[in-house]
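# Analysis of the macromolecular model
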Amino acid sequence: MSAPALLDLLTPTPVLRIGTGTRGYWAKLESHGAGGMKVRAALSMVRGARARGDLRPGGTIVESTSGTLGIGLLYAARALGHDVVLVVDADIEPSMRALLTAHGTRLEVVARPHPDGGWQRARLDRVHQVVATLPDAWWPDQYDNPDNPAGYVALADELDRQLPDPPDVLVCSVGTGGHSAGIGRRLRERHPDLRVLGVDTVGSTIFGQPARPRLMRGLGSSIHPRNVDHDLFDEVHWVGPAEAVDSCRRLAGTTFVTGGWSTGAVARVADWVARREPGAVVATVFPDGPHRYLHTIFDDTWCAEHLPGPPTRLPVEIPHPEAVEVVGGWARCRHVVVPAAARQLEATA
């Protein structure tokens, strides 16, 4: 059964000025939108599949998620009349698992990470197994699906209208590559001098570092999504969990508006840029709110047990992603490369 009235809830999300005077930045608050930021990508992918005939009426959507895209897909599925099977891993927060289950999805839980591709590869392997058992199943393939970034063009248009002046700098978290590519390309079409800063997490392979276990969820990757537009970025920042937690808590204490790992990471970098470049119009996107993270980021006991140390105040500058074997904390690199594994994927596409 479909509920198309849900689509009437989708309205532009607000923009908030963070900071005072000329040393502040603008944050688009996607947590204030119905279903969250990834509803945009989910609807775009589902509508595209339906238009092509890849997803039949009443067909089942099967996808891997760390949680947020799952909410978006459930929203799109309820609006358009589909069932959903979500593949998650054992590290997903109990609150998110409970919420996804409450929304009526079937959860497939992966118990162990893949030895090479981590949780993401293990989840994708299970996705393929599930799809093979369902004759009407469709896999969105969020990492390589061009309908993912296309879903964020409207977000870019909203942001452009809401800013008081043309943006000078856009700060975007990078995971599947969807929202950074969709927003960044659109804004750069309109503002050719726009600088785009990608924000990754330590332990992620997206920008040429080796994969290793990651505490932060929602950004970063242990595989190489084709949706990541490496040529778009002027520089990349790897942010560690201590810095993201510090920024989330500072936001909560000073502005009331805060969020999770991605929000903390982009807030760290956007604030740093705004302080270095007074008067620049710096914009970013806060992908989600704080509620999912009450027992992690905002829990003193959890932080004391899991964070590697105190946050650093400034990034370490490295000349090349391979200049250091492993980035252990907040680092900045103005030489953005396409990792060899990502180039190989493009060659075989």
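About the criteria used
Residues numbered from 1 in each chain as written. Predicted model: local features only at pLDDT ≥ 70, side-chain atom pairs only at ≥ 80, totals over all residues. Heavy atoms only, no water. Helix = DSSP H or I, 4+ residues; strand = E, 2+ residues; numbered from the N terminus. Rg over C-alpha atoms; globule rule 2.2 N^0.38 Å. Buried < 20%, exposed > 50% of the residue type's maximum accessible area, 1.4 Å probe, protein only. Lys, Arg positive; Asp, Glu negative; His and termini not counted. Charge placed at Lys NZ, Arg CZ, Asp CG, Glu CD. UniProt positions renumbered as here; feature names shortened; annotations may be inferred. Domains from an automatic or database assignment. Contact = heavy atoms within 4.5 Å. Buried area = accessible area lost by both parts, 1.4 Å probe. Salt bridge = Lys/Arg side-chain N within 4 Å of Asp/Glu carboxyl O. Polar contact = N/O pair within 3.5 Å; in protein donor to acceptor, adjacent residues only side chain to side chain. 1 Å grid on protein atoms, 1.4 Å probe; cavity = no way out; pocket = protein on both sides within 12 Å on 5 of 7 lines; lining within 4 Å. Points joined across faces, edges and corners; volume = space filled by probe spheres on them. Nonpolar A, V, L, I, M, F, W, Y, C, P; charged D, E, K, R; others polar. Pairing = 2+ DSSP bridges. Right-handed = clockwise from strand over helix to strand, strands pointing away.

Per an unreviewed UniProt entry, the protein chain is named Cysteine synthase A, and its organism is Actinomycetospora corticicola.

### Looking at the overall build of the protein chain
When its secondary structure is counted, the protein chain shows eleven helices and twelve strands. Here the C-alpha atoms of the protein chain give a radius of gyration of 19 Å, agreeing with the 20 Å that 2.2 N^0.38 yields for 349 residues. Taken over 349 residues, the protein chain has a buried fraction of 56%. Side-chain charges of the protein chain comprise 36 positive and 39 negative groups, with the mean position of each set lying 1 Å from the other.

### Notes on the UniProt feature "domain: Tryptophan synthase beta chain-like PALP" (unreviewed entry) in the protein chain
As annotated in UniProt, the feature "domain: Tryptophan synthase beta chain-like PALP" (unreviewed entry) corresponds to residues 9-287 in the numbering used here. The span residues 9-287 is 39% helix and 18% strand, and its two end C-alpha atoms sit 18 Å from each other.

### Description of the domain arrangement of the protein chain
As far as domains go, the protein chain holds domain 1 (4-32 + 146-347) and domain 2 (38-138). On a C-alpha basis, the centroid separation for the pair domain 1 and domain 2 is 23 Å. Opposite the 25 residues of domain 1 that make contact, domain 2 presents 28 residues. For the pair domain 1 and domain 2, the two sides together bury roughly 2100 Å², of which 49% comes from carbon and sulfur. On the domain 1 side of the contact with domain 2, Asp147, Arg217 and Arg292 bury the most area, a combined 34% of that side's loss. Viewed at the interface, domain 2 and domain 1 are joined by five salt bridges. Of the charged contacts in the structure, one is a salt bridge between arginine 292 and glutamate 93, with a shortest N-O distance of 3.0 Å.

### Brief notes about the side chain of threonine 284
Turning to its location among the elements, threonine 284 is positioned in strand β10 (residues 282-286). Within the structure, threonine 284 has its side chain in polar contact with the backbone oxygen of valine 171 (distance 2.7 Å). Here threonine 284 is in contact with Tyr25, Trp26, Ala27, Lys28, Val171, Val266 and Ala270, once residues within four sequence places are set aside.

### Remarks on the layout of surface pockets
The rolling of a water-molecule-sized probe over the atoms marks out the regions of remaining empty space. Approximately 780 Å³ is the volume found for the largest pocket. Lining the largest pocket are 38 residues, with Asp89, Trp119, Arg214, Met216 and Arg217 sitting closest to its centre. When residues in the lining of the largest pocket are grouped by element, the largest group, four residues, is from helix α4 (residues 118-133). Of the residues belonging to the lining of the largest pocket, the class tally is twelve nonpolar, 17 polar and nine charged. Lining the lining of the largest pocket are residues from two domains, each supplying at least three of them: domain 1 (4-32 + 146-347) and domain 2 (38-138). What the second largest pocket holds in volume is close to 600 Å³. Every residue lining the second largest pocket is counted, 21 residues in all, and those nearest its centre are Ser247, Arg250, Ala267, Asp271 and Arg275.

### Observations regarding the sheet that holds β10
Strand order in the open sheet formed by eight strands is β1-β2-β10-β7-β8-β9-β12-β11, with mixed pairing between adjacent strands. The strands lining the two open edges of the sheet, one partner per strand, are β1 (15-18) and β11 (316-317).

### Some remarks on the pairing of strand β8 (residues 195-201)
Taking burial as the measure, the seven residues of β8 include six buried ones, the bulk of the element. In the sheet, strand β7 (residues 169-173) pairs with β8 via five bridges, with the strands oriented parallel. Its bridge partner lying in β8, valine 169 is registered against arginine 195. Handedness of the crossover is the feature at issue here: the chain leaves β7, passes through helix α7 (residues 178-190), returns alongside β8, and the resulting connection is right-handed. By the bridge criterion, five bridges tie β8 to strand β9 (residues 235-239) in an arrangement that is parallel. Following the sheet pairing, glycine 198 is matched in β9 by valine 236.

### Looking at unusual backbone geometry
You will see that aspartate 141, though not glycine, has its phi angle at about 55 degrees, which is positive. With respect to the element layout, aspartate 141 can be found in the loop between β6 (137-138) and α5 (147-150). Taking the relative accessible area as the measure of exposure, aspartate 141 reaches 18% and is therefore buried. Not every positive phi belongs to a glycine, and phenylalanine 256 is a case in point at roughly 80 degrees. Along the chain, phenylalanine 256 falls in the loop between α8 (241-254) and α9 (261-276). For phenylalanine 256, a relative accessible area of 73% corresponds to the exposed category.

### Concerning empty space enclosed by the protein
This structure, assessed with the given rule, holds one cavity of 30 Å³ or more. Quantified by volume, the largest cavity comes out at close to 220 Å³. Around the largest cavity, the lining comprises 23 residues; the ones closest to its centre are Met37, Lys38, His179, Gly218 and Ser262. Of all elements in the fold, only α1 (38-52), α2 (68-80) and α7 reach the threshold of two or more residues within the lining of the largest cavity. Split into classes, the residues belonging to the lining of the largest cavity amount to seven nonpolar, twelve polar and four charged. Composition of the lining of the largest cavity by domain shows at least three residues from each of domain 1 (4-32 + 146-347) and domain 2 (38-138).

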